[in-house]
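Here is what each chain is made of, one letter per residue.
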Amino acid sequence: MDEAWWCPATPFPNGRAEFTLGLRGGIFVNSAGERFANESLPYDRMGHEIRGGHATGVSHIPVWFVFDDRFDNVPALCEPRPDPAAFRAAGLWRTSDTLDGLADLIDVPASALGSTVDRFNGFAATGEDTDFRRGEDPFDRFFAAGDGPNPCLVPIDRGPFHAVQIVLGDLGTKGGARIDADARVLDGSGDPIPGLYAAGNSAASVAGHVYPGPGVPLGSGMVFGYRAARHLRSD
Ligand SMILES: Cc1cc2nc3c(=O)[nH]c(=O)nc-3n(C[C@H](O)[C@H](O)[C@H](O)COP(=O)(O)OP(=O)(O)OC[C@H]3O[C@@H](n4cnc5c(N)ncnc54)[C@H](O)[C@@H]3O)c2cc1C
């Protein structure tokens, strides 16, 4: 029950949130104004990083997605966002001419944010992120948009500077009833409970603590739904 299909999520002015992937630039900083992970990780792994970071006692909920003005004043994401004004009015997107000013707006220490960005800009210049190895895995480079030596490391040096609030989100639950290969729900002793089946998000996932690849939530739900129906017919 301690697991879900985690993801970073962008809160919307209406109170809902949308899962966030495909960073073209920028960095995530926690409440200490520091990076804490490779921002180009797959979304479930970034969700685990946010959870793990938060558990250390440094607030990671929210984290802030910080980038500069080279992306036309909208989040450096592959997905376009509608109506920036509404996000700004709700305080979910913040902008300042200076990094110090932005640090004040997102309530992180200005000196820490400045050091974090300086260090990251150094990585962008050399093409090597010696802290989190961003851009070394081919997955990282799928959405990348930088034109430097490492396309995932886009410098943050063209003001004004922007921050977008990011929270821990999920695509669904995956801790639930334990099932066997026929989707029969197991009791505390590991024996099937007659007539009770589970599949999809109400079942404990066959993937355990990881998200092995695209389609696992829907794929495993379909497979175990099918297996349950076959077992029902044969029973
Ligand atoms: C934004 C987003 C993107 C995703 N993208 C992918 C993807 O690309 N690939 C992938 O594999 N997975 C993806 N997922 C995950 C996937 O959609 C879910 O894991 C999957 O839909 C779960 O299916 P389910 O049938 O178990 O639950 P659900 O689809 O949540 O169905 C549960 C149903 O039960 C109904 N219900 C709830 N309570 C009651 C009640 N008391 N009485 C009657 N009905 C009730 C609900 O209304 C709902 O219709 C995504 C999820 C989200 C949110």
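Up top you'll find the structure we're talking about.
Draft legend 1. Geometry of the overall build of the protein. Scanning the protein from terminus to terminus reveals five helices and eight strands. Each helix (α) and strand (β) of the protein, taken in turn from the N terminus, gives the series β-β-β-α-β-α-β-α-α-β-β-β-α. Its C-alpha atoms give the protein principal-axis dimensions of roughly 70 × 35 × 35 Å. In the protein, buried positions account for 45% of the 235 residues. The contacts in the protein between residues at least 6 apart in sequence include a share of 70% that link residues at least 24 apart. If you sum the accessible surface of the protein, you get close to 11600 Å²; carbon and sulfur atoms cover 54% of it. Charge-centre separation for the protein: the mean point of 20 positive side chains lies 6 Å from the mean point of 31 negative side chains.

Draft legend 2. Highlighting the environment of Val108. Within the secondary structure layout, Val108 lies in the loop between helix 3 (99-106) and helix 4 (110-126). Its relative accessible area of 6% is what places Val108 among the buried residues. For Val108 and Trp64, which are 44 residues apart along the polypeptide, the C-alpha to C-alpha distance reads 9.6 Å.

Draft legend 3. A look at helix 1 (residues 43-55). Under the 1.5 Å per step criterion, the end-to-end length of helix 1 is 18 Å for 13 residues, consistent within 8% with the ideal 18 Å. All of the buried residues along helix 1 are Tyr43, Asp44, Met46, Gly47, Ile50 and Gly53. Tucked into the core, helix 1 has its buried residues touching strand 1 (4-11), strand 2 (17-19), strand 3 (27-29), strand 4 (63-67) and strand 6 (161-173).

Draft legend 4. Structural context of the pairing of strand 6. Note: strand 1 against strand 6, five bridges, orientation antiparallel. Of the residues in strand 6, the one forming a bridge with Ala9 is Val167. Strand direction decides the pairing type here: strand 4 and strand 6, joined by five bridges, are antiparallel. The residue bridging Trp64 from the neighbouring strand is Gln165, located in strand 6. Judged from the four bridges that link them, strand 5 (residues 93-96) and strand 6 form a sheet pairing that is antiparallel. What sits directly across from Trp93, in strand 6, is Val164.

Draft legend 5. Region of interest: the site of the ligand. Taken together, the neighbourhood of the ligand is formed by Phe19, Leu171, Gly200, Asn201, Gly215, Val216, Pro217 and Leu218. Contact between the ligand and Gly215: an oxygen atom at 3.3 Å from a main-chain N or O atom of the residue. One nitrogen or oxygen atom from the main chain of Leu218 is found 2.9 Å from an oxygen atom belonging to the ligand. Isolated, the ligand exposes 1000 Å² of accessible area, and the fraction of that covered by the protein chains is 34%. It is helix 5 (residues 216-234) that provides the largest number of residues to the shell around the ligand, a total of three residues. Taken together, the residues of the shell around the ligand break down into five nonpolar, three polar and no charged.

Draft legend 6. Examining the pattern of salt bridges more closely. Counted by the stated rule, this structure contains ten salt bridges. A salt bridge links Arg184 to Asp180; the nearest nitrogen and oxygen atoms lie 2.8 Å apart. With relative accessibility at 17%, the residue Asp180 sits in the buried group. Note that Asp182 and Arg227 form a salt bridge whose closest N and O atoms lie 3.0 Å from each other. Linking Asp182 in the loop between strand 6 and strand 7 (184-186) with Arg227 in helix 5, this pair joins segments that are 45 residues apart in sequence. Residue Arg227 is classed as partly exposed on the basis of its relative accessible area of 32%. Each of Arg35, Glu39, Asp129 and Arg134 takes part in a single network of salt bridges with overlapping partners.

Conventions we followed
Sequence order as written defines the numbering, with residues in each chain counted from 1. Thresholds applied to this predicted model are a pLDDT of at least 70 for local features of residues and 80 or more for the giving and counting of side-chain atom pairs; totals over whole chains, interfaces and linings are not thresholded and use all residues. As a rule here, side-chain values come from all non-hydrogen atoms in the structure, and water together with hydrogens is ignored. Starting at the N terminus, helices and strands are each numbered in turn, a helix being any DSSP run of H or I of at least four residues and a strand any DSSP run of E of at least two. With a 1.4 Å probe rolled over the protein chains alone, any residue whose accessible area is under 20% of its type maximum counts as buried; one over 50% counts as exposed, and the rest are partly exposed. By definition, residues are in contact when any of their heavy atoms lie within 4.5 Å. Residue-level accessible areas treat just the shown protein chains as cover; the underlying method is Shrake-Rupley with a 1.4 Å probe. Counted as positive: Lys and Arg. Counted as negative: Asp and Glu. His and the chain ends are not counted at all. By convention, the point assigned to a charge is CZ for Arg, NZ for Lys, CD for Glu and CG for Asp. By this rule, a helix spans an expected 1.5 Å times one less than how many residues it contains. Here, strands pair whenever DSSP counts at least two bridges between them. We call a residue near a given molecule or strand whenever any one of its heavy atoms falls within 4 Å of it. Polar contacts here mean pairs of N or O atoms no more than 3.5 Å apart (in protein, one a potential hydrogen donor and the other a potential acceptor; neighbouring residues in sequence count only if both atoms are side-chain atoms). Note on residue classes: Ala, Val, Leu, Ile, Met, Phe, Trp, Tyr, Cys and Pro are nonpolar, Asp, Glu, Lys and Arg are charged, and everything else, Gly too, is polar. One side-chain nitrogen of Lys or Arg within 4 Å of one carboxyl oxygen of Asp or Glu is enough to make a salt bridge.

Functional significance is not addressed by these values, which are geometric in nature.
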